[in-house]
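# Per-entry structural report
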Amino acid sequence: MQQPFFSFVVPAHNEETLIAKTLSCLVALDYPKDRYEVVVVENASQDKTYEIAKQFESDTFHVYSTPQPGVSRARNFGMTKCSPQLDWSIVMDADNFLEEGFLQELCAYLKAHPKAAYGMAEILPDVPTRKARFWFWYRNITDRLLRTMDTIHIVRKDLFGKASYPEGFNFTEDLQYTEALRRYGEYFFMPTKSMSSSTRRFEKNGYVKKVLKDVWIGVRYALNKNAFRDKNWEAIR
């Protein structure tokens, strides 16, 4: 039986310090090279993100550049470039790092959970300090309990195209995309040790401040889903 085809979409804005590591991880995945693709969407960077990403371009690694900033816009554009072969789309941040066995593990999980339609995987910190481990534990627990997607969004093909990211939003767009998918299928959360994410913004801003900010965003969003329209997210690089 043929293995599922996965389409990765990686939006990247001013990611010259990490994009090579992210893409190197994707190149090294222990999975048939003809059964996955990577679509990188550089959007309005002022650094060498595009030039670095272009070095990875191949028959299955595609790199695009868009002049307008905005992660939602970049994600939506990338989704239009995915292969019609796709069985699952995986939209992930440019500072996520996957271990070689991630796709094999994901395949086994999806086979064991045939009703899974959209969801995410557990995320670990790339620098596992005590504070980082606690923050990521808290983040994974809240995502699982609230059935939200954060940092990596895995969506089955029959839901692909039924929802898009709201382009007027630079944050809370994950929450809105998740809500749009809820009417179409079952959420899943895959426990794993095969994925990590950068701790840079938490190290710079402080973990306490980050937790308080997340709570504030959650409360404001619950009261008014349009509260963050046209608000800019602080990009920490």
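Structure shown above.
Structural notes, computed from the coordinates.

Quick notes on the rules
- Residues numbered from 1 in each chain as written.
- Predicted model: local features only at pLDDT ≥ 70, side-chain atom pairs only at ≥ 80, totals over all residues.
- Heavy atoms only, no water.
- 1 Å grid on protein atoms, 1.4 Å probe; cavity = no way out; pocket = protein on both sides within 12 Å on 5 of 7 lines; lining within 4 Å.
- Points joined across faces, edges and corners; volume = space filled by probe spheres on them.
- Helix = DSSP H or I, 4+ residues; strand = E, 2+ residues; numbered from the N terminus.
- Nonpolar A, V, L, I, M, F, W, Y, C, P; charged D, E, K, R; others polar.
- Core = buried A, V, L, I, M, F, W, Y, C linked by side-chain atoms within 4.5 Å.
- Buried < 20%, exposed > 50% of the residue type's maximum accessible area, 1.4 Å probe, protein only.
- Axes fitted to C-alpha atoms, helices over the stretch in contact; angles between N-to-C directions.
- Parallel < 35°, antiparallel > 145°, perpendicular 65-115°, else oblique.
- Contact = heavy atoms within 4.5 Å.
- Lys, Arg positive; Asp, Glu negative; His and termini not counted.
- Salt bridge = Lys/Arg side-chain N within 4 Å of Asp/Glu carboxyl O.
- Polar contact = N/O pair within 3.5 Å; in protein donor to acceptor, adjacent residues only side chain to side chain.
- Pairing = 2+ DSSP bridges.

### Thoughts on the layout of surface pockets
In this approach a probe as big as a water molecule rolls over the atoms, and the regions it shows empty are the leftover space. Its boundaries defined by the atoms lining it, the second largest pocket holds a volume of some 320 Å³. Around the second largest pocket, the lining comprises 13 residues; the ones closest to its centre are M1, Q2, P4, C107 and K111. With 3 residues, helix 4 (residues 102-112) is the largest single contributor of residues to the lining of the second largest pocket. Of the residues contributing to the lining of the second largest pocket, the split by class is 7 nonpolar, 3 polar and 3 charged.

### Description of unusual backbone geometry
Although it is not a glycine, N14 sits at a positive phi angle of roughly 50°. Note that N14 resides in the loop between strand 1 (6-12) and helix 1 (19-27). A positive phi is found at A44, a non-glycine position, where the angle reads about 55°. Within the secondary structure, A44 is located in the loop between strand 2 (36-43) and helix 2 (49-54).

### Considerations on the nonpolar core
If you look at the biggest cluster of nonpolar residues, it comprises 59 residues, and the most contacted ones within it are F6, F8, L26, F102 and L103. A per-element tally of this core places helix 4 first, with 6 residues.

### Some remarks on the packing of helix 3 (residues 71-80) against helix 6 (residues 173-181)
It is at 11 Å that the axes of helix 3 and helix 6 come closest, and there the two elements cross at 45°. Put simply, helix 3 runs oblique to helix 6. When helix 3 is examined against helix 6, the residues V71, S72, R75 and M79 are found in contact with a partner set consisting of E173, D174 and Y177. Across the contact of helix 3 with helix 6, the residue classes break down as 3 nonpolar, 1 polar and 3 charged.

### Some thoughts on the side chain of N76
Along the chain, N76 turns up in helix 3. In contact with N76, not counting residues within four places along its chain, are S164, Y165 and E167.

### What to know about the side chain of E37
For E37, the position within the fold is in strand 2. In this structure, E37 is buried with no salt-bridge partner, the nearest side chain bearing the opposite charge being R35 at 11 Å. Within the local environment of E37, its side chain forms a polar contact with the side chain of S7, the two groups lying 2.7 Å apart. Within the structure, the side chain of E37 is placed 2.6 Å from the backbone nitrogen of S83, a separation counted as a polar contact. Once residues within four sequence positions are removed from consideration, E37 is found in contact with F5, F6, S7, F8, T60, H62, C82 and S83.

### Details of the sheet that holds strand 5 (residues 96-98)
Pairing within the open sheet is mixed, and its 3 strands lie in the order 5-10-7. Looking at strand neighbours, the two that pair on one side only are strand 5 and strand 7 (124-125), the edges of this open sheet.

### Section: the sheet that holds strand 8 (residues 152-156)
Reading across the sheet, the 7 strands line up as 3-2-1-4-8-6-9 and stay open at both edges, with mixed pairing between neighbours. Since the sheet does not close on itself, it has two edges, and those belong to strand 3 (61-66) and strand 9 (186-190), each with one partner. When the angles between neighbouring strand axes are averaged without regard to direction, this sheet yields 20°. By the bridge criterion, 6 bridges tie strand 2 to strand 3 in an arrangement that is parallel. Paired with V38 across the strands is F61, a residue of strand 3. Each of strand 1, strand 2, strand 4 (88-92), strand 6 (116-121), strand 8 and strand 9 is contacted by helix 4, which is oriented at about 135° to strand 9, the strand it contacts most. Seen against the sheet, helix 6 touches strand 6 and strand 8 and runs at an angle of roughly 20° to strand 8.

### Some thoughts on the pairing of strand 4
Counting buried residues along strand 4, 5 of its 5 residues qualify, which places the element largely inside the surrounding structure. Side chains W88, I90 and M92 of strand 4 all project onto a buried face; the interleaved residues S89 and V91 project onto the opposite face, where all are buried too. When strand 1 meets strand 4, the two strands line up parallel, connected through 4 bridges. Among the inter-strand pairings, F8 is bridged to a residue of strand 4, identified as I90. Where strand 4 and strand 8 come together, 5 bridges link them in antiparallel fashion. Paired with I90 across the bridge in strand 8 is I154.

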